[in-house]
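# Analysis of the macromolecular model
Chain by chain, the residues run as shown.
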There are 4 protein chains.
Amino acid sequence: MKQYGFLGLGIMGTAMATNLVKGGYPVTVWNRSPGKTEELAAMGARVALSPAAVMAHCDITFAMLSDPAAARTVCFGDQGVLGAMTAGKGYVDFSTVDAATSLEIRTALIARGGRFLEAPVSGSKKPAEDGSLIILAAGDRSLYDEVLPCLEKLGKKILHLGAVGNGARMKIVVNLIMGGMMAALCEGLALGEKSQLNLVEILDVLDAGALGNPLFRLKGENIIADAYPAAFPLKHMQKDLRLAIDLGDELMQRLPCTAAVNELFKGARQAALGEEDFSSLFKTLRRP
Amino acid sequence: MKQYGFLGLGIMGTAMATNLVKGGYPVTVWNRSPGKTEELAAMGARVALSPAAVMAHCDITFAMLSDPAAARTVCFGDQGVLGAMTAGKGYVDFSTVDAATSLEIRTALIARGGRFLEAPVSGSKKPAEDGSLIILAAGDRSLYDEVLPCLEKLGKKILHLGAVGNGARMKIVVNLIMGGMMAALCEGLALGEKSQLNLVEILDVLDAGALGNPLFRLKGENIIADAYPAAFPLKHMQKDLRLAIDLGDELMQRLPCTAAVNELFKGARQAALGEEDFSSLFKTLRRP
Amino acid sequence: MKQYGFLGLGIMGTAMATNLVKGGYPVTVWNRSPGKTEELAAMGARVALSPAAVMAHCDITFAMLSDPAAARTVCFGDQGVLGAMTAGKGYVDFSTVDAATSLEIRTALIARGGRFLEAPVSGSKKPAEDGSLIILAAGDRSLYDEVLPCLEKLGKKILHLGAVGNGARMKIVVNLIMGGMMAALCEGLALGEKSQLNLVEILDVLDAGALGNPLFRLKGENIIADAYPAAFPLKHMQKDLRLAIDLGDELMQRLPCTAAVNELFKGARQAALGEEDFSSLFKTLRRP
Amino acid sequence: MKQYGFLGLGIMGTAMATNLVKGGYPVTVWNRSPGKTEELAAMGARVALSPAAVMAHCDITFAMLSDPAAARTVCFGDQGVLGAMTAGKGYVDFSTVDAATSLEIRTALIARGGRFLEAPVSGSKKPAEDGSLIILAAGDRSLYDEVLPCLEKLGKKILHLGAVGNGARMKIVVNLIMGGMMAALCEGLALGEKSQLNLVEILDVLDAGALGNPLFRLKGENIIADAYPAAFPLKHMQKDLRLAIDLGDELMQRLPCTAAVNELFKGARQAALGEEDFSSLFKTLRRP
């Protein structure tokens, strides 16, 4: 029976690995801080002590890491997956990284006979738990076809976007738009609040018209409750905005509004909101 | 039988007046440039030669004007409605204006015994035609109750938000958010295009997730077709953003992202896109 | 002997009126809050109880008021100068206002046979005290020639820029640039400080090269000392930036960087720094 | 007699190498495109065919390269200086790079027994020609003392800022401020022009007051003449702004105005102004 690995058990990784285990796949997990493996182990997952150990044991290894630096370390670092890659094995990286990082990982793994798929996902904690993510895959087509049944346990919409790099770039574009929408919502609500308007009524008006969307409904609840449990940590949103600005720089595409959004999120990190949900941006506007 | 007036037959006003006529109300119309009254006349509307003449003939007069300056002129100008206001008549202004303008009009009309309702609407050409606008009314409650059956011909969601000024401010908040969403969409698509991603695929991914909303679907079509017939002219979007910035200034609320969005739209006006739909913002990002 | 009036004894007005008194001119002063007239009275100035009383007594009346609203009130308000204007008298307004305000004041005074000069000044507390302001006059040429000896007590560079409105606009342009320079300095120093560089050394490097200027030297001292006594209050800087943005809106000129600067200053006002010197912007960047 | 090398003969490098030759030092030059070496050769410089050849021949090698990528290639690339470094030789890099690049070069050279000084310069074509640059050195103190007589041929103010990285960061801070000043100047002049003010008069007013500085005087001439021969190419200014934004990201320092400035310069690059002087930013504001 084919063996599956899963590296990285943060908010997203835990939910995704859980769905694979529940889907009946034999899964070996690893996480940098070992405590987080217990929950998965209790559900029947094997636990390994390094990315290399997972890769050595498994046919297909998935990874969900927090940023490009973590994705590189897990691949190229000591006891990283690269050393354990052998011909025919597959590596599927769900992390949100820049295209250059994705291409470097791909090149290194292919050089050892491996197969690689980048597959950043759109959606945060809830869709990860519900198996309703959007999966933006790109790269080795045979690997894509082979893991599609697994991906269908994780996502409701799964695309193959062509060559490696396209998944990374699509994710960056989507999150640029998400960051801009959140900034617009927060600035609108902050102005509304200062105008003595009722925040619930504003959200209600938005929802009734062409602007209505699940993000506003979901995050509007955080803002009304003034409580921001991290479904998507603010520091990760800002990291994705930085990747967008960098991509714009590389392609000579000005992004003046995204730059303002990025600095607003950076200001929120500077104000120690990085670990809260990215909707806590509202707090930094309300009382600077 | 009660008589109704309608002042201002632009894109929105024409659609709204048409719905009143179709709804069986006797309507007298006026427009600054007279040619636009012909279509309504052909459907059975009376035509008057000045706002004062409309007000003199009607019990209730509606107005849908392009900006605060036009709203003031139609009220206070030569042959404006103010001179023809008498005790008990009602004036309902659908225009998007600042709260100060709205309050000045209210004060002047009430001083002559009139009743006033500000009622800016959310939604552009299509919802105006379909009678599915969102109507953000505020002011005289008796007038609101009396015109509610008319408003129900025009909108699918009708709110009474309290004192005059609240409707204006709610509209400004909603349009601030709409402007921010459009800027986010356009910057995302411009970056995607430069990244060799497929614009249809980006819109498809957006629509499948938490960011999906009717505005993106509708305006995405404009962008794909590179055709921007004015449902909501760009110059009006920029005017509303200016009102938002001014309101933030007055209430000491910083709005750094909205300010960037406002300048981007201003740049588009400078590049002669003011009369096109506000989604033509995409053009100014693509080739500056 | 010709009589001179001076309206408005804030930081700037006090210094300027003092220079006129010291220059040997007979000066009658007025201030909204009367306590501030004592210092001038002690130097020999007459004190009057209203702008109208000053104007009635004097041949030439100067004014230095905090913003367009104050400038309008002193002209058009109850006991304002307008009622006391008679043929041949002169009114010279040093306030920083928008061109529209300046033109309204001009039109009203001329209609009563008066003469008007707008004369906003560039320079803050120190140059006002030293009589080394830059005076940006525009309007009635005969009045300009007549008051030139007075202006030479106040400024080291005095220009006549043509029709009323040009002085206001020149002042707005200069202060837009000053606001941008201050924001650049503060962001550079904040980044330098976070980089463990020495702030004194940064200021020293700036001063040695093509960027060196008196503003950086002067305000750099505030920042090094972390003390911001108001030479030019932050709230006034932000008001001038708002006037610049409004002028850009009117003339369809995008000003994306100035808009960001304006929002940064607005955020500083929101953080209760409005009464401090505008160099206290540094504080809002250092700890948001 | 000690031998000196110079790598990189762009606008700046040519002027600096020329001053060394004129100062009587025996200099060996290299440039990526060989044509540029002719002028130096005519003055008596030796020409070598690779960075490694220069380093092999010389005791001290200077470099002035266009960006971090070029600085890395010249050090680490095929026939780069690294391979030719031996114990005691010195390498002085004048390029503007990020601190990480500078540190990597330092570490590699030291590992081979070499000595390293980063020494980014402030000032463009004219000060480079006049030998009046500001030199922001950091790193090996013995090397600094040894090359100080050379540096004095190139600059009028020479600082040693401590550990490698401080020079890079100081340069980034200075250029962040320069970019902000240029954006402020250009937005002010664009608004002034739209206001029918005279650009020469605006520059004259600026120069008379606390804002007056050599940069505005120098670049104001470009703008008046609408001619932008590259003293400091716009693409390099934008690169330095990107480095500033990246440093702010790393240190969690928001830089909202610098981000707007960066996007404005990026838009100018997108509009094909990258090779012109950075004062050509004015063109992108005037006609977007």
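What you see is a predicted model; the values in this text were computed from it and never measured.

### Points about the overall build of chain A
Within chain A, the secondary structure is distributed over 13 helices and 9 strands. Relative to the compact-globule value of 19 Å for 288 residues, chain A shows a C-alpha radius of gyration of 20 Å, a close match. Dimensions of chain A along its principal axes, counting C-alpha atoms only, are 65 × 45 × 35 Å. A total of 288 residues make up chain A; the buried ones form 62% of that total. Across chain A, contacts joining residues at least 24 apart in sequence account for 64% of those joining residues at least 6 apart.

### Comments concerning the relation of the copies chain C and chain A
Overlaying chain C on chain A yields an RMSD of 0.0 Å, the required transformation being a rotation through 180° with an accompanying axial translation of 0.0 Å. What the rotation and shift describe, once combined, is the action of a two-fold rotation axis.

### Let's talk about helix H4 (residues 68–76) of chain D
Residues and elements named next belong to chain D. If you check which residues of H4 are buried, you get Pro-68, Ala-71, Val-74 and Cys-75. All buried residues of H4 lie within an arc of 130° about the axis, which places them on one face of the element. As for H4, its buried residues are in contact with strand E1 (4–7), helix H3 (51–57), strand E4 (60–63), strand E5 (90–93) and helix H5 (99–111).

### Describing the interface of chain C and chain D
Quite often, the size of an interface is put as the accessible area lost when its parts meet. Between chain C and chain D, the residue contacts involve 53 residues of the former and 53 residues of the latter. When contributions to the side of chain C that touches chain D are tallied by element, the ones reaching two or more residues are strand E8 (133–139), strand E9 (155–160), helix H8 (166–194), helix H9 (199–208), helix H10 (214–225), helix H11 (234–251) and helix H12 (256–270) of chain C. Among the elements that line the side of chain C that touches chain D, the one with the most residues is H8 of chain C, at 19 residues. Split by residue class, the side of chain C that touches chain D holds 35 nonpolar, 13 polar and 5 charged.

### Brief notes about the domain arrangement of chain A
Residue and element names in this part refer to chain A. Considered domain by domain, chain A is made up of domain 1 (4–163) and domain 2 (169–286). Taking only C-alpha atoms into account, the centre of domain 1 sits 28 Å from that of domain 2. Of the residues assigned to the side of domain 1 that touches domain 2, the class counts are 5 nonpolar, 4 polar and 4 charged.

### Examining the pairing of strand E9 (residues 155–160) of chain A
Residues and elements named next belong to chain A. Pairing of strand E8 (residues 133–139) with E9 involves 5 bridges; the strand directions are parallel. Within the sheet, the bridge partner assigned to Leu-136 lies in E9 and is Leu-159. Note on the crossover from E8 through helix H7 (residues 141–154) to E9: the handedness is right-handed.

### Focus: the relation of the copies chain C and chain D
The two copies are related by a screw motion: chain C maps onto chain D through a turn of 180° and a shift of 0.0 Å along the axis, at an RMSD of 0.0 Å. Residue by residue, 100% of the interface of chain C is reproduced at the interface of chain D, so both copies engage with the same surface.

### Quick look at the pairing of E1 of chain D
Side-chain direction in a regular strand flips from residue to residue, so the side chains alternate between the two faces of the sheet. Residues and elements named next belong to chain D. Side-chain alternation along E1 places Tyr-4 and Phe-6 on one buried face and Gly-5 and Leu-7 on a second face that is also buried. At this point the chain moves from E1, through helix H1 (residues 11–22), to the parallel strand E2 (residues 27–30), and the crossover so formed is right-handed. Across 4 bridges, E1 lies against E4 in parallel orientation. Across the sheet, the residue bridging to Gly-5 is Thr-61, located in E4.

### Some remarks on the packing of helix H8 (residues 166–194) of chain A against helix H12 (residues 256–270) of chain A
When two helices pack together, their arrangement is captured by the angle between the axes and the distance separating the axes. All names here are of chain A. Put simply, H8 and H12 touch, their axes get as near as 10 Å, and they point 70° apart. Between H8 and H12, the angle is such that the two are roughly perpendicular. Relative to H12, H8 is oriented so that their crossing is left-handed. Every residue of H12 that contacts H8 at Leu-176, Gly-179, Gly-180 and Ala-183 is listed here: Cys-257, Thr-258, Val-261, Leu-264 and Phe-265. Residue composition of the contact of H8 with H12, grouped by class: 6 nonpolar, 3 polar and no charged.

### Regarding the interface of chain C and chain A
Contacts between the two partners involve 6 residues from chain C, matched on the other side by 6 residues from chain A. Residue classes in the side of chain C that touches chain A are distributed as 4 nonpolar, 2 polar and no charged.

### Comments concerning helix H7 (residues 141–154) of chain C
Spanning 14 residues, H7 of chain C covers 19 Å between terminal C-alpha atoms, matching the ideal 20 Å at 1.5 Å per step. By the largest-angle criterion, Leu-148 of chain C marks the main kink of H7 of chain C, which is about 55°, and a proline, Pro-149 of chain C, follows within four residues.

### Concerning the environment of Leu-20 of chain D
Residue and element names in this part refer to chain D. Summarising the element assignment, Leu-20 is placed in helix H1. By the C-beta count within 10 Å, which is 23 here, Leu-20 ends up buried. Placed 134 residues apart in sequence, Leu-20 and Leu-154 show a C-alpha to C-alpha distance of 7.5 Å. Setting aside its immediate chain neighbours within four residues, Leu-20 contacts Tyr-4, Phe-6, Tyr-25, Val-27, Cys-150 and Lys-153.

### Concerning the environment of Gly-35 of chain D
All names here are of chain D. On the secondary structure map, Gly-35 appears in the loop between E2 and helix H2 (37–42). We classify Gly-35 as exposed; it has 8 C-beta atoms within 10 Å. Sequence separation between Gly-35 and Val-261 is 226 residues, and the spatial gap between their C-alpha atoms is 35 Å.

### Let's talk about the confidence of the model for chain A
Averaged over all residues, the pLDDT of chain A is 96; the fraction at 70 or higher stands at 100%. Confidence metrics for the complex model read pTM 0.91 and ipTM 0.91.

### Some thoughts on unusual backbone geometry
Backbone geometry places Gln-79 of chain A, a non-glycine residue, at a positive phi of 60°. For Gln-79 of chain A, the position within the fold is in the loop between helix H4 (68–76) and strand E5 (90–93). With 17 C-beta atoms packed within 10 Å, Gln-79 of chain A lands in the partly exposed category. Here the phi dihedral of Gln-196 of chain B falls at roughly 65°; this positive angle occurs in a residue that is not glycine.

### Looking at the environment of His-57 of chain A
Residue and element names in this part refer to chain A. You can see His-57 is positioned in helix H3 (residues 51–57). Judged by local crowding, His-57 falls into the partly exposed class, with 16 C-beta atoms found within 10 Å. For His-57, the contacting residues outside a window of four places in its chain are Gln-3, Gly-5, Thr-28 and Ala-48.

### Notes on the packing of H4 of chain D against H5 of chain D
All names here are of chain D. Two elements in contact, H4 and H5, have axes separated by 10 Å at closest approach and are oriented at 10°. Taken together, the axes of H4 and H5 lie roughly parallel to each other. Only Thr-101, Ile-105 and Ala-108 of H5 make contact with H4, whose side of the interface consists of Pro-68, Ala-71, Arg-72, Cys-75 and Phe-76. Class assignment of the residues belonging to the contact of H4 with H5 gives a composition of 6 nonpolar, 1 polar and 1 charged.

Rules used in this analysis
- Residues numbered from 1 in each chain as written.
- Chains lettered and ligands numbered in written order.
- Predicted model: local features only at pLDDT ≥ 70, side-chain atom pairs only at ≥ 80, totals over all residues.
- Helix = DSSP H or I, 4+ residues; strand = E, 2+ residues; numbered from the N terminus.
- Rg over C-alpha atoms; globule rule 2.2 N^0.38 Å.
- Buried ≥ 20, exposed ≤ 12 C-beta atoms within 10 Å, placed from the backbone.
- Contact = placed C-beta atoms within 7 Å.
- Least-squares fit on C-alpha atoms with pLDDT ≥ 70 in both.
- Arc of directions from axis to C-beta.
- Nonpolar A, V, L, I, M, F, W, Y, C, P; charged D, E, K, R; others polar.
- Domains from an automatic or database assignment.
- Pairing = 2+ DSSP bridges.
- Right-handed = clockwise from strand over helix to strand, strands pointing away.
- Axes fitted to C-alpha atoms, helices over the stretch in contact; angles between N-to-C directions.
- Parallel < 35°, antiparallel > 145°, perpendicular 65-115°, else oblique.
- Left-handed = near helix turned anticlockwise from the far one by under 90°.
- Expected span 1.5 Å × (residues − 1).
- Bend = angle between axes of the 7 residues up to and from the residue.
- pLDDT = per-residue confidence, 0-100.

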